[in-house]
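Architecture at a glance
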Amino acid sequence: MPLPATGTVLATLAALLLIAVLVEPARRVALHYGLTDRPAPHKAHHQVTPYLGGAAIVVATLVPTVAVIETTGYRIWLVLGAALCIALLGLVDDARTLRPSTRMAVEALLATVVALGGVRLHLVGQEQVDLALTVGWIIVVTNSFNLLDNTDGALATVACATAVPLAVFAVVAGMPELALLLLCLAAACTGFLLHNAAPARIFMGDSGSLFIGFLIATSAAMVAPGRAPVDRASILLLIVFVAATDTGLVLVSRQLAGRSWLQGGTDHVAHRLKRAGVGPHALLGTLFLGASTAGLVAVLVSASVVPGSTALLGTLGAAVLLVTLLSQVPAGYGQPARHARRSATTAARQASDTVRG
């Protein structure tokens, strides 16, 4: 049953209001308890910045959604519950760094639960294969969006541009509750940008990036349209185009540099664009343009305006071209952040002064 337009609008506005109200308290709590990200040679920011922005995004997204939807369908509640669990996993990782194997095990468990609960890609037509592909898709996309949270405002910008076309697909697929969830996510990320765009006053942390990635991955698996598998495959790749390109660039550059894939670094798309002379606001505009253009092409594929095979080849070709070109821009390995040499005492004093201010 379609949701009333008034309820959808009110829920979206409520998400904007909640994020506006919650960010500053979350910032102060993070500073008080030392939940901060400090400058380091492998990081791009230059000052102590609090986490917990992700917690505000989670609340601003889920509360209006749960308040409005009335469905008895179990899949949406399963996705909501699993997304909340992965946000809590990220929060624990923000507070005390977890082993990659522990994080991956929990992510795999949650991905398997939602896949067994009916979230399925339906790419091959063989149940066990599609189940395995779905679990892999959710894990890879979740972590790709987590990696995309590497520069002020980058992930929030891409999430806004990605959630809206996904909401369109959800409406067409007869899933208005999922569309509402995605619109609330887009609204929460939009409001968060006011605090997270350069210079960021707060980061979302893993709690927010994992939550966003998981919701986009599961939503895409639920609504990706297309009569043929090649159409669905092209739409899926277009939906995650920016995050997938960023992850591909990082994996290629770290492999060539002989670095561990798990080792952080200023070698992402956003970092290289900044080194190429792109300013902070132009950078966010470029990321938004890339994600929204890919989303528009995905809509055109679903409407049979653009052939799926053409879109798939074009998407893969564009990703390879971008990775090749951006690989020519220095990765910045080993270059310390401008203020990374600041002593721990000075950093702690600055955080304390910020709380009092």
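Bear in mind that the values here come from a model prediction, so they are computed numbers and not experimental data.

**Quick notes on the overall build of the protein chain**
On a plain count of helices and strands, the protein chain comes out with 14 helices and two strands. Buried residues in the protein chain amount to 50% of all 357 residues. Within the protein chain, counting contacts between residues at least 6 apart in sequence, those at least 24 apart form 75% of the total. Taken as a whole, the protein chain presents about 15700 Å² of accessible surface, with 68% of it coming from carbon and sulfur.

**Digging into helix 2 (residues 53-68)**
Helix length check: helix 2, at 16 residues, gives a terminal C-alpha distance of 24 Å against a target of 22 Å (1.5 Å per residue), a fit within 8%. As for helix 2, its buried residues are in contact with helix 1 (5-32), helix 3 (74-95), helix 7 (176-196) and helix 8 (205-223).

**With respect to the confidence of the model for the protein chain**
Predicted coordinates in areas of low pLDDT are best not read in detail. Across the protein chain, the average pLDDT comes to 88, with 89% of residues at or above 70. A low-confidence stretch, residues 336-357 stays under pLDDT 50, and its non-local contacts, those more than four residues away or across chains, total 31 contacts.

**Quick notes on unusual backbone geometry**
A cis amide bond links Ala198 with the next residue in sequence, Pro199, at an omega value of -5°. Mapped onto the fold, Pro199 is located in the loop between helix 7 and helix 8. For His122, which is not glycine, the phi dihedral falls at a positive 55°. Exposure remark for His122: the relative accessible area of 49% places this residue in the partly exposed category. Of note in this structure, Ser304 is not a glycine but carries a positive phi near 65°.

**What about the pattern of salt bridges?**
Applying the stated criterion to the full structure yields seven salt bridges. The salt bridge partner of Glu24 is Arg28, with a shortest N-O separation of 3.2 Å. Taken together, the residues Glu24 and Arg28, both in helix 1 and four residues apart, mark about one turn of the helix. Here the residues in one salt-bridge network are Glu24, Arg27, Arg28 and Arg201, joined through shared partners.

**Quick notes on the environment of Thr190**
Counting through the fold element by element, Thr190 comes out in helix 7. The sequence separation of Thr190 and Ala161 amounts to 29 residues, and the corresponding C-alpha distance is 9.8 Å. With near-sequence residues (within four places) excluded, Thr190 lies in contact with Leu16 and Cys160.

**A word on a nonpolar patch on the surface**
A cluster of nonpolar residues, Val9, Leu10, Leu13 and Leu16, forms a patch on the protein surface that exposes about 360 Å² of accessible area. Relative to the elements of secondary structure, Leu13 occurs in helix 1.

**Focus on the nonpolar core**
Core analysis: the biggest nonpolar cluster contains 99 residues, and Trp137, Phe145, Leu178, Phe211 and Ile212 have the highest contact counts within it. Of all the elements, helix 7 adds the most residues to this core, at 13 residues. When neighbours within four sequence positions are excluded, Ile212 is seen to be in contact with Phe145, Leu155, Ala159, Leu185, Cys189 and Met204.

**What to know about the packing of helix 2 against helix 3**
Look at helix 2 against helix 3: their axes get within 12 Å of each other, and the N-to-C directions meet at 160°. The angle between the axes of helix 2 and helix 3 places the two elements in the roughly antiparallel class. In this structure, helix 2 crosses over helix 3, and the sense of that crossing is left-handed. Side by side, helix 2 and helix 3 meet where Val58, Leu62 and Val66 of the first sit next to Trp77, Leu80, Leu84 and Ala87 of the second.

**Here we look at the side chain of Thr65**
Take Thr65: it is sitting in helix 2. Residue class for Thr65 comes out buried when judged on its relative accessible area of 0%.

**Description of helix 3**
Over its 22 residues, helix 3 extends 32 Å from the first C-alpha to the last, a length consistent with the 32 Å expected when each residue adds 1.5 Å. Taken together, the buried positions of helix 3 are Ile76, Val79, Leu80, Ala82, Ala83, Ile86, Ala87, Leu89, Gly90, Asp93 and Asp94. Those residues of helix 3 that are buried are in contact with helix 2, helix 4 (100-116), helix 5 (127-148), helix 7 and helix 8.

**A closer look at the packing of helix 4 against helix 8**
The relative placement of two packed helices comes down to the angle between their axes together with the axis-to-axis distance. Look at helix 4 against helix 8: their axes get within 12 Å of each other, and the N-to-C directions meet at 30°. One finds that helix 4 runs roughly parallel with respect to helix 8. Helix 8 is crossed by helix 4, and the crossing has right-handed handedness. Residues Arg103, Glu107, Leu110, Ala111 and Val114 of helix 4 pack against Asp206, Leu210, Phe214 and Thr218 of helix 8. Among the residues forming the contact of helix 4 with helix 8, the class breakdown is five nonpolar, one polar and three charged.

**Structural notes on the environment of Ser219**
Following the sequence through the fold, Ser219 ends up in helix 8. Judged by its relative accessible area of 1%, Ser219 is buried. Placed 52 residues apart in sequence, Ser219 and Ala167 show a C-alpha to C-alpha distance of 8.8 Å. Not counting residues within four places of it along the chain, the set of residues in contact with Ser219 comprises Leu166, Leu178 and Leu182.

**Some thoughts on the environment of Gly54**
One can find Gly54 in helix 2. In this structure, the C-alpha to C-alpha distance between Gly54 and Leu88, residues 34 residues apart in sequence, is 10.0 Å. Gly54 has contacts with Phe203, Met204, Ser207 and Gly208, leaving out every residue within four places of it along the chain.

Rules behind the numbers
Residues numbered from 1 in each chain as written. Predicted model: local features only at pLDDT ≥ 70, side-chain atom pairs only at ≥ 80, totals over all residues. Heavy atoms only, no water. Helix = DSSP H or I, 4+ residues; strand = E, 2+ residues; numbered from the N terminus. Buried < 20%, exposed > 50% of the residue type's maximum accessible area, 1.4 Å probe, protein only. Contact = heavy atoms within 4.5 Å. Areas by Shrake-Rupley, 256 points an atom, 1.4 Å probe, with all protein chains shown as cover. Expected span 1.5 Å × (residues − 1). pLDDT = per-residue confidence, 0-100. Salt bridge = Lys/Arg side-chain N within 4 Å of Asp/Glu carboxyl O. Patch = residues over 30% accessible without salt bridge, like charges linked within 9 Å, V, L, I, M, F, W, Y side chains within 5 Å. Core = buried A, V, L, I, M, F, W, Y, C linked by side-chain atoms within 4.5 Å. Axes fitted to C-alpha atoms, helices over the stretch in contact; angles between N-to-C directions. Parallel < 35°, antiparallel > 145°, perpendicular 65-115°, else oblique. Left-handed = near helix turned anticlockwise from the far one by under 90°. Nonpolar A, V, L, I, M, F, W, Y, C, P; charged D, E, K, R; others polar.

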